[in-house]
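This is what each chain is made of:
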2 protein chains.
Amino acid sequence: MFKQHNKIQVALVDDHPTLMEGLKAILVSNLNVDIAGCFVTGQDMLNYLGLNRVDIVLLDIALPDINGIALCQEIKKKAPDTVILVFSNHSERSIIMQTIQNGASGYLLKNTSLDELRSSIHDVLEGKVVFSKEVQEIISRPSKNELQGPPRLTRREKQVIELLSEGKTSLRIAEELSVSALTIDTHRRNLMQKFAVKNTAELIKAAMLHRLI
Amino acid sequence: MFKQHNKIQVALVDDHPTLMEGLKAILVSNLNVDIAGCFVTGQDMLNYLGLNRVDIVLLDIALPDINGIALCQEIKKKAPDTVILVFSNHSERSIIMQTIQNGASGYLLKNTSLDELRSSIHDVLEGKVVFSKEVQEIISRPSKNELQGPPRLTRREKQVIELLSEGKTSLRIAEELSVSALTIDTHRRNLMQKFAVKNTAELIKAAMLHRLI
DNA sequence: ATGGATATCCCCAAATACCAGTAGAAAAAA
DNA sequence: TTTTTTCTACTGGTATTTGGGGATATCCAT
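The shown structure was predicted, so the numbers you read here are calculated from the model rather than taken from an experiment.

Rules behind the numbers
Residue numbers restart at each chain and count upward from 1, following the sequence in its written direction. The naming scheme follows written order: chains are lettered A onward, ligands numbered 1 onward. With pLDDT at 70 or above as the cut-off, local features in this predicted model cover only qualifying residues; side-chain atom pairs require 80 or more to be listed or tallied, and sums for whole chains, interfaces and linings still use all residues. Think of the side-chain values as coming from all heavy atoms in the structure, minus any hydrogens and water. UniProt positions are given in the numbering used here, feature names are shortened, and annotations may be inferred rather than shown by experiment. The numbering of helices and of strands both runs from the N terminus, where a helix is a DSSP run of H or I of at least 4 residues and a strand a run of E of at least 2. Note on definitions. A residue lies near a molecule or strand when any single heavy atom of the residue is within 4 Å of it. We call two N or O atoms a polar contact when they sit within 3.5 Å, provided that within protein one can donate a hydrogen and the other can accept it, with sequence-adjacent residues counted only if both atoms are side-chain atoms. Amino acids are sorted into nonpolar (Ala, Val, Leu, Ile, Met, Phe, Trp, Tyr, Cys and Pro), charged (Asp, Glu, Lys and Arg) and polar (every other residue, Gly among them). Each residue's exposure class comes from its accessible area (1.4 Å probe, protein chains only) as a fraction of the maximum for that residue type: buried when under 20%, exposed when over 50%, partly exposed otherwise. If you view a crossover with the strands going away from you and the path from the first strand over the helix to the second runs clockwise, you call it right-handed. For two strands to pair, DSSP has to find at least two bridges joining them. Contacts were defined at the residue level, with two residues in contact if any of their heavy atoms lie within 4.5 Å. Note on definitions: angles span 0 to 180 degrees between N-to-C directions of axes, and those axes are lines fitted to C-alpha atoms, for helices only across the stretch in contact. Between Lys or Arg on one side and Asp or Glu on the other, a salt bridge is scored when a side-chain nitrogen of the former is within 4 Å of a carboxyl oxygen of the latter.

What follows deals with the UniProt feature "domain: Response regulatory" (unreviewed entry) in chain A. Under the feature "domain: Response regulatory" (unreviewed entry), the UniProt entry names residues 9-125 of chain A. Between the C-alpha atoms that bound residues 9-125 of chain A there is a distance of 11 Å. The span itself is 48% helix and 22% strand.

If you want it as structure tokens, here you go:
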């Protein structure tokens, strides 16, 4: 009733004009959609999103102003119903995971076939979560690095790092675990060695990246 | 040549015997597969996996010995080609994301329809990544909680916290940003106030929880 | 233009963390 | 039951952070 456009409203965000032209052409000629807007920066896109309906955003990870992952977050914050389909060259697993983490409904590599592109757009609009073939492989094959990444921590070390992350000092932790503060110091040193980091800040970061906290 | 079984080898891991029976029945009557084994504990499953070929594992998140997320990791470490399909009651977004993070190729809720179950198994075996309808919705709709909440940081503060998380000291950061170390100290104090934390460890943790790093 | 937030700089003292090495006892794994 | 790992504790340092104060200049918005 209040909709001004019956067609699906698509927004593109990418800083490659040529590629964007191609996308545009493919979209209008193959799917019954409106190109609501093409944006080079994330900010432009967000501004537009504040005022207009957008059903689906096709976006690149590499943008001039903010990175695509943060942009996903912003988009979902502003318009939870807008579907995000990432269209990018980045094939690193962690990047893929992060975009999904932040609300993207799909991830395609830029070398995706036209067929795949068409069907993906169709599918995400129906609420599906889609990945292009290559991306599926990447997801299914976590690298050795990502799997073996977290150093094996002993029970004690896990306790210590947990308490550390709660902002407690060695002394407090020592009291809590009823051991000497010197012992806690040793645990900390061992932890830092295992993670190959220089101080607690980095240690906590590493541990969280590996989801050990 | 060395394969003793031509049929797809399926392993089930779950601590609900009844449900497992049902699964078994559905699988053998609908798909041309062998039930290689049914396991109640993750350890049993891993032991079996060390000695036998398993093409696909259907697994629950809640297990008596280890949690399903860690098990995904172990499975992928031991047998990268074994496909993991999670079949669980847990509908929390973070759990879903973590299983995928750790190598699962799909996630179904236990109330999934038989059709969906059949087609999902079929699809993951072809290398696809599949989610049941409900799961897709969960993925596409990150909770407010996950998106919102972080204190507003100034540009400088973001820089500082970023560098802090890389294990740099105030002095180093000061050099890098060409300001006095005292300034950095102030930023740190302000950051800690904003996050209402006591020290750097907790600060990094909080910042990471809010995905500011 | 007056407040508010930001960014910068300063001092001091106590608390805490970090570095490097060693080593015995307890627990777990082979 | 060996062997290995983990937990524990110590010495003796240096470096860094933290918490308590303040202060000035700029930019931004009401």
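In the region of DNA strand D, 18 residues are neighbours, and Thr 154, Arg 156, Ser 180 and Thr 183 of chain A together with Arg 188 of chain B sit closest. Taken together, the sugar and phosphate atoms account for 72% of what DNA strand D places within 4 Å of the protein. Contacts to DNA strand D include Arg 156 of chain A, whose side-chain N or O atom sits 2.6 Å from a phosphate oxygen. Arg 189 of chain B is positioned such that a nitrogen or oxygen atom in its side chain is 3.2 Å from a base oxygen of DNA strand D. The set of elements that each furnish at least two residues to the surface near DNA strand D consists of helix 8 (155-165) and helix 10 (181-195) of chain A together with helix 10 (181-195) of chain B. Considered class by class, the residues forming the surface near DNA strand D number three nonpolar, nine polar and six charged.

Within a regular strand, side chains alternate between the sheet's two faces. Residue and element names in this part refer to chain A. Going residue by residue along strand 5 (residues 106-109), you find Gly 106 and Leu 108 tucked away on one face and Tyr 107 and Leu 109 tucked away on the opposite face as well. Each parallel crossover has a hand, and for strand 4 (residues 83-88) linked through helix 4 (residues 93-101) to strand 5 it is right-handed. With two bridges connecting them, strand 5 and strand 6 (residues 130-131) associate as parallel partners. Bridge pairing in strand 6 places Tyr 107 opposite Phe 131.

This next bit is on the sheet that holds strand 2 (residues 33-39) of chain B. All names here are of chain B. Taken in spatial order, the six strands of this open sheet run 2-1-3-4-5-6, and their pairing is parallel. Of all the strands in the sheet, the pair left with one neighbour each is strand 2 and strand 6 (130-131). As paired strands, strand 1 (residues 8-13) and strand 3 (residues 56-59) are joined by four bridges and run parallel to one another. Residue Val 13 lies in a different strand from strand 3, and its bridge partner there is Leu 59. Across the sheet, helix 2 (residues 42-51) lies against strand 1, strand 2 and strand 3, angled at about 135° from strand 2, the strand it touches most.

Residues and elements named next belong to chain B. A large share of strand 4 (residues 83-88) lies buried, amounting to six of its six residues. Here strand 4 shows two buried faces, one formed by Val 83, Leu 85 and Phe 87 and the other by Ile 84, Val 86 and Ser 88. In this sheet, strand 4 lies alongside strand 3 in parallel orientation, the contact comprising four bridges. In the sheet register, Val 57 faces strand 4, and the bridge partner there is Ile 84. Following the backbone out of strand 3, through helix 3 (residues 68-78) and into the adjacent parallel strand 4, one traces a crossover that is right-handed.

On to the protein's contact with DNA strand C, then. With respect to spatial proximity, 19 residues lie near DNA strand C, and among them Thr 200 of chain A together with Thr 154, Arg 156, Ser 180 and Thr 183 of chain B are the closest. Counting only atoms of DNA strand C within 4 Å of the protein, the sugar-phosphate share comes to 71%. In the environment of DNA strand C, a base nitrogen lies 3.1 Å from a nitrogen or oxygen atom belonging to the side chain of Thr 186 of chain B. Note that a phosphate oxygen of DNA strand C is positioned 2.9 Å from one of the side-chain N or O atoms of His 187 of chain B. Residues that form the surface near DNA strand C fall into these classes: three nonpolar, nine polar and seven charged.

It is worth spelling out the pattern of salt bridges at this point. Scanning all chains against the criterion turns up 21 salt bridges over all chains. Between Glu 166 of chain A and Lys 168 of chain A there is a salt bridge; the shortest N-O distance is 2.9 Å. Among the ionic pairs, Lys 110 of chain B bridges to Asp 60 of chain B, the shortest N-O distance being 3.0 Å. One end of the pair, Lys 110 of chain B, is in the loop between strand 5 (106-109) and helix 5 (114-125); the other, Asp 60 of chain B, is in the loop between strand 3 and helix 3, with 50 residues separating them in the sequence. Take Lys 110 of chain B and Asp 60 of chain B: they sit in the same class, and that class is buried. Look at the salt bridges and you will find they share partners, linking Asp 14, Asp 60 and Lys 110 of chain A into a network.

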